[in-house]
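Listed below, chain by chain, are the residues.
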Amino acid sequence: MPSATAPPDTGSAGCVLDRDGMGALVRELRARGRTVIGPTVRDGAIVLAELESAEELPYGWGVELEGGHYRLRRRADAAAFAHSAGPQSWKNFLHPERVRQWTADRGPDGELTVRAEPPAAASFAFLGVRPCDLRAIQIQDRVMIGGPHRDDAYRERRTGAFLVVVECTEPGATCFCVSMGTGPAAQPGYDLALTEVLDETGHRFWARAGTARGAEVLDSLPRRPADEATQDRARRGVAEAAGRMGRTMPPVDLRDLLADTLEARRWDDVAARCLTCGNCTMACPTCFCTTSEDITDLTGDHAERWRRWESCYDLDFTHLPGGSVRTSARSRYRQWLTHKLGTWWDQFDSSGCVGCGRCIVWCPVAIDITEEAHALHQESLADRAGAADGAP
Amino acid sequence: MTRAGVLAALPEGPRERLMAVGRETSFEAGTRIFEEGGRADRFWVIHTGNVNLDVHVPGRHPAVIETLGPGRMLGWSWLCPPHEWHLGAEATSLVRAWEFEAAEVLDLCQDDPELDHALLSYVVGVIGSRLRAARTRLLDLYGPYGSGSAG
Amino acid sequence: MTAVPLPYRVLDNRPETADTHTIVLRPVGTALPPFSPGQFAMVYAFGVGEIPVSVAGTHHGDLTHTIRGVGAVSRALCAARPGTRVGVRGPFGTGWDLEAAVGRDLLVVAGGLGLAPLRPLVRAAASQPRDHGRLNVLIGARTPGDLLYREEWQDWGRPYCQVTVDQPAPGWRGRVGVVTALLDQAAFAPHRTTAFVCGPEVMIRATARALLHRGVPARHIRVSLERNMHCATGHCGHCQLGPLLLCRDGPVVGYDRAEPLLAVREL
């Protein structure tokens, strides 16, 4: 509850939390009945899992990323958020891998009763959402609840989720959020935004509220007004991160590039490497494709519809009575990339890529979406130059 | 019959010169216009009615391969050796057509390279479109597992 | 309801051809919103699964579907006796949009089972003859035994109806050959014509090309496309054809949009 005597610390200047303040934030969110999900070290990776206390955050851990490569490494400092994307994303919680949609029962007289699955009473707080991942959530919002048909289960989880964004000060070698316009600074859509600062004056977080409920939570925490030095240091950290992106996209309209290169020779090149395993689609924070599974119990009178993640790399994905439409690896990789960077615009009025780099890291053969986009760009430039030379 | 409607693919000059040697004819429904193996010494351009092309199957009804309707050319075996019909043709309704004697047309073409070229291009186009249609039907598109069967 | 099926019962089931049945479904309780010609439903056979099926007719909340038994679900639906309960979701997708063709000649071209989604369009057009110019219905099928709705053709009344088959059977007195050959005899003014085409993709492309050649504008050639519709609500991604989500942006699209997409292999 905002107090009339509280310092005006929820405006643009925000306030400063120290490590105890972070602990209080997790306690406060849990006290409000929320399941707090955040990064923590488990099984050799920084994963997203339920946090019972802020002490489970990966203080002092960083990651080393490259194509097909992910390693935890100890940091010299105790930063909690100096790591970039791990194997999961927030879709694991908002758009889970397997969801029951309805159940159906057949009565003795043959009557059919179908019951919609009651919405899960999930009340999440996501702690440590990176700006690129905030955009990914907003992109999935458009897909799942922005069209003519809304997915009620997604809407329930999504509207209940409290988002604590942590700005990026330490991009990984596979990051390219600057090219995609999604980071490293927080953009609107968060309840709280934090920027981690570590220097000789201590370990602290510059915090701002983006919503009334965010302000309410901040107001209940031990905090101090944001000093100029902390704000400057935080802003500088984010600005410097923008200059340290490990990857870039070609500086062209990617939608046009992909629309014009459907028959590029490069697709054959990438098809020779791609295993069509679908890892990129599982790791991608925006990939939303699913299939439906109908199951019955032993009596044969109870049936259930489940929805589970599926990948456009699966051969059956385009199954028609006459066979699958996309059988070659070439066509399936092309589908993924053209959808992600190009036709997503036609379908949902945004890019499907946020520049998080997960697809690069988790590809077993290190196929790099940025490298492929650059190669398509170079091929189209060369073809255009060739066409111009050949012109009379 | 409007002359432009038939053989519209031919340029006006050659078309007029060709039509000058054509004569109107008609076939009652059920008439066998030619038989497989017969001498191919003429061709027709159908004005009204339909003609079935068929293959002789010993001991059975002829198997119909394709139906030709108004505006279509009937017969191209006159153009090249062995100048024999490789299908039979039967009028399935009253057919009115323009008939052309092959010898007369070939004579005309000898002295008229423009007509010769235009007519040959036209006939090749006709053969090409029949070949495409035959190949399409080879796909058995409407079969249960052909491309596009719903549900 | 778009995610959860509503119970319907099979009112009637009659064989249409050797492997195809026409079933009529009546809502057990609440009916789904009205379907427009060209739209489709997701029909669920209890304990077997769900498939997309276009509406072949609607009547006071009843839905008519013509289904070919080629998979587990479609065979179960073809075998469903009157009284059987099924689940239905819909309506989904774009319709033929007959309203946009007011005053124009109408040319309906159907190949095989493609006549099913065109049937309600033909019936609607035939019942409002003053709204349109000439109505031509051209039908192609594999054999005479595969022709759908033969007993109804005379009720369609006004249209100029032409039929051709790939393989004639003894006694067949009609035409033999591809459906595009029928265009020669249809009377329509190309620039004032809207064409509605449904059938296998190869047939759609051949027909559209012939129509473009005659001068029918691409955007007035409406074609119904098929991909693997799964959720029908735009959430599962299966039915993509390049930029289109066919459950949402299709199945009926203008050939101006479809042509470049159908030209790309394995898109």
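Given the structure is predicted, the values throughout are model-derived calculations rather than measurements.

Conventions adopted
- Every chain begins its residue count from 1, and numbering advances along the sequence as written.
- Throughout, the order in which chains and ligands are written sets their labels, letters from A for the former and numbers from 1 for the latter.
- It should be noted that, the model being predicted, local features are given only for residues of pLDDT at least 70 and side-chain atom pairs only at 80 or more, the latter also being counted only at that level, while totals for whole chains, interfaces and linings use all residues.
- Processing note: side-chain calculations cover all non-hydrogen atoms of the structure and skip hydrogens and water entirely.
- Two strands are said to pair when DSSP picks up at least two bridges between them.
- Only DSSP runs of H or I covering at least 4 residues are called helices, and only runs of E covering at least 2 are called strands; the numbering of each starts at the N terminus.
- Boundary definitions for the domains trace back to an automatic or database domain assignment.
- Any pair of residues with heavy atoms lying within 4.5 Å of one another is described as a contacting pair.
- Summed over both partners, buried area is the accessible surface (1.4 Å probe) that two parts give up on being assembled.
- Salt bridges are counted wherever a side-chain nitrogen of Lys or Arg sits within 4 Å of a carboxyl oxygen of Asp or Glu.
- When a residue's accessible area, from a 1.4 Å probe over protein chains only, is under 20% of the maximum for its type it is buried; when over 50% it is exposed; and in between it is partly exposed.
- Here the nonpolar group is Ala, Val, Leu, Ile, Met, Phe, Trp, Tyr, Cys and Pro; Asp, Glu, Lys and Arg are the charged ones; every other residue, Gly included, is treated as polar.
- Any residue with an atom within 4 Å of a point lines the site, the site being either a cavity, points on a 1 Å grid over the protein atoms alone where a 1.4 Å probe fits but cannot get out, or a pocket, an open set with protein on both sides within 12 Å along at least 5 of 7 lines.
- Grid points are joined across faces, edges and corners, and a volume is the space filled by probe spheres set on the points.

Q: Even after reading the chapter, I still don't get the sheet that holds strand E3 (residues 42–48) of chain B, so can you show me in this structure?
A: Across a sheet, paired strands are connected by hydrogen bonds in the backbone, their directions being either parallel or antiparallel. All names here are of chain B. What the four strands build is an open sheet, ordered E1-E8-E3-E6; its pairing is antiparallel. Every interior strand has two partners, whereas the edge strands, strand E1 (23–27) and strand E6 (73–74), have only one. With two bridges joining them, E3 and E6 adopt antiparallel strand pairing. When the sheet's bridge partners are listed, Trp44 is paired in E6 with Leu74.

Q: Can you help me understand the domain arrangement of chain A in this one?
A: A common measure of how large an interface is: the accessible area buried when the components associate. Residue and element names in this part refer to chain A. Parsing chain A into structural domains produces domain 1 (15–242) and domain 2 (254–387). One C-alpha centre belongs to domain 1, the other to domain 2; they are set 26 Å apart. Facing 41 residues of domain 1, the contacting portion of domain 2 comprises 41 residues. Together, the buried faces of domain 1 and domain 2 total about 3700 Å²; carbon and sulfur atoms form 57% of this surface. Of all residues in domain 1, the largest losses of buried area upon contact with domain 2 belong to Lys91, Arg98 and Phe176, amounting jointly to 16% of the total for that side. Here domain 1 and domain 2 share five salt bridges between them.

Q: Help me out: how do you make sense of the pattern of salt bridges in this one?
A: Any two side chains of opposite charge can pair, given that their charged atoms come close. Evaluated as defined, the whole model comprises 63 salt bridges over all chains. A salt bridge links Asp219 of chain A to Arg223 of chain A; the nearest nitrogen and oxygen atoms lie 4.0 Å apart. Under the relative-accessibility criterion, Asp219 of chain A is labelled buried at 18%. The partly exposed category is assigned to Arg223 of chain A, whose relative accessible area is 23%. In this structure, Glu263 of chain A engages Arg330 of chain A in a salt bridge whose closest nitrogen and oxygen atoms are separated by 3.6 Å. Here Glu263 of chain A, found in the loop between helix H8 (254–260) and helix H9 (266–273), pairs with Arg330 of chain A, found in helix H11 (residues 329–348); they are 67 residues apart in sequence, far enough to count as distant. The structure contains a network of salt bridges with shared partners spanning Arg23, Arg39, Asp41, Arg42, Glu99 and Glu101 of chain B.

Q: Looking at this model, I keep getting lost on the interface of chain A and chain C. Mind explaining?
A: Contact residues are listed per partner, giving 48 residues for chain A and 39 residues for chain C. Contact between chain A and chain C buries roughly 3500 Å² in total, counting both sides, with carbon and sulfur atoms accounting for 56%. Looking at the side of chain A facing chain C, the largest losses of area belong to Leu112, His149 and Gln347 of chain A, adding up to 19% of the total buried there. For Glu111 of chain A, the salt bridge is made with Arg85 of chain C, and the minimal N-O distance between the two is 2.2 Å. For the side of chain A that touches chain C, the elements supplying multiple residues, two or more each, are strand E6 (98–106), strand E7 (112–116), helix H3 (131–145), strand E13 (290–296), strand E14 (302–309), strand E15 (319–320) and H11 of chain A. Counting residues per element, the side of chain A that touches chain C draws most heavily on H11 of chain A, at eight residues. Tallied by class, residues from the side of chain A that touches chain C come to 17 nonpolar, 17 polar and 14 charged.

Q: I'm lost on empty space enclosed by the protein in this one. Help?
A: Rolling a probe over the atoms, with the probe sized like a water molecule, indicates the empty space that remains. Throughout the structure, instances matching the rule amount to nine cavities of 30 Å³ or more. Approximately 170 Å³ is the volume found for the largest cavity. Gln101 and Arg307 of chain A together with Arg89, Cys231 and Thr233 of chain C are the residues nearest the centre of the largest cavity, which is lined by 17 residues in total. Elements represented by at least two residues in the lining of the largest cavity include exactly E6, E13 and E14 of chain A. For the lining of the largest cavity, a count of residues per class yields four nonpolar, eight polar and five charged.

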